[in-house]
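Chains, contacts and geometry: an overview
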Amino acid sequence: QVQLVESGGGLVQAGGSLRLSCAASGRTFRSYDMGWFRHAPGKERVFVATISWSGISTYYADSVKGRFTISRDNAKNTVYLQMNSLTFEDTAVYYCNRNPPLDVLWGQGTQVTVSS
């Protein structure tokens, strides 16, 4: 069974950047499309971005398109989310998961806080 550990979150000023990482255990990681999701206070967890198993195809939520970039390194079993031009509305706990997500794979996430 794959396990996912997110890292790279923190406190950043509006307009700043962060790079999140998601390290996966298990040899089947490279077989799956992966995604980033976020859960803001008082809201439901929502989709942010997804990348195909090969890394060739990506898709983004409208709210982050042009600012965030998802990538993956299958040799390192890791998925990344480069976040630029951050705004207060990007404040959330960020999670990675397969896409579509599996309930059993939700990890602790990594907190991103953007100060305005």
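In this report, we go over the structure that sits alongside the text. Since this is a predicted model, take the numbers as computed values, not measurements.

Parameters and conventions
- Residues numbered from 1 in each chain as written.
- Predicted model: local features only at pLDDT ≥ 70, side-chain atom pairs only at ≥ 80, totals over all residues.
- Heavy atoms only, no water.
- Salt bridge = Lys/Arg side-chain N within 4 Å of Asp/Glu carboxyl O.
- Buried < 20%, exposed > 50% of the residue type's maximum accessible area, 1.4 Å probe, protein only.
- Disulfide = S-S within 2.5 Å.
- Helix = DSSP H or I, 4+ residues; strand = E, 2+ residues; numbered from the N terminus.
- Pairing = 2+ DSSP bridges.
- Axes fitted to C-alpha atoms, helices over the stretch in contact; angles between N-to-C directions.

Looking at the pattern of salt bridges
Enumeration over the complete set of coordinates arrives at 3 salt bridges. Taking the shortest distance from any N to any O, the salt bridge between K65 and D62 comes out at 3.1 Å. Note on K65: relative accessible area 45%, which makes it partly exposed. A residue is classified by how much of its surface remains accessible, and D62, at 65% relative accessible area, is exposed. Overlapping salt bridges bring together R38, R67 and D90 as one network.

What about the state of the cysteines?
Scanning all chains against the criterion turns up 1 disulfide. A sulfur-sulfur separation of 1.8 Å characterises the disulfide bridge that pairs C22 with C96. Since a negative S-S torsion denotes a left-handed disulfide, the C22-C96 link at about 55° is right-handed. With C22 in strand β3 (residues 18-24) and C96 in strand β9 (residues 92-98), this residue pair connects regions lying 74 residues apart in the sequence. Like C22, the residue C96 is buried in the burial classification.

Some remarks on the sheet that holds strand β6 (residues 58-60)
If you trace the 6 strands from one edge of the open sheet to the other, you get β2-β10-β9-β4-β5-β6, paired in mixed fashion. Strands with a single pairing partner mark the edges of an open sheet, and in this sheet they are β2 (10-13) and β6. Across the sheet, the mean angle from the axis of one strand to that of its neighbour is 25°, orientation sign disregarded. Across 4 bridges, β2 lies against strand β10 (residues 110-115) in parallel orientation. Paired with G10 across the bridge in β10 is V112.

Remarks on unusual backbone geometry
Here the bond from N99 into P100 is cis, since omega is 0°, no more than 30 degrees from zero. When you line up the elements, P100 lands in the loop between β9 and β10. A positive phi is found at N77, a non-glycine position, where the angle reads about 55°. Topologically, N77 is positioned in the loop between β7 (68-73) and β8 (78-83).

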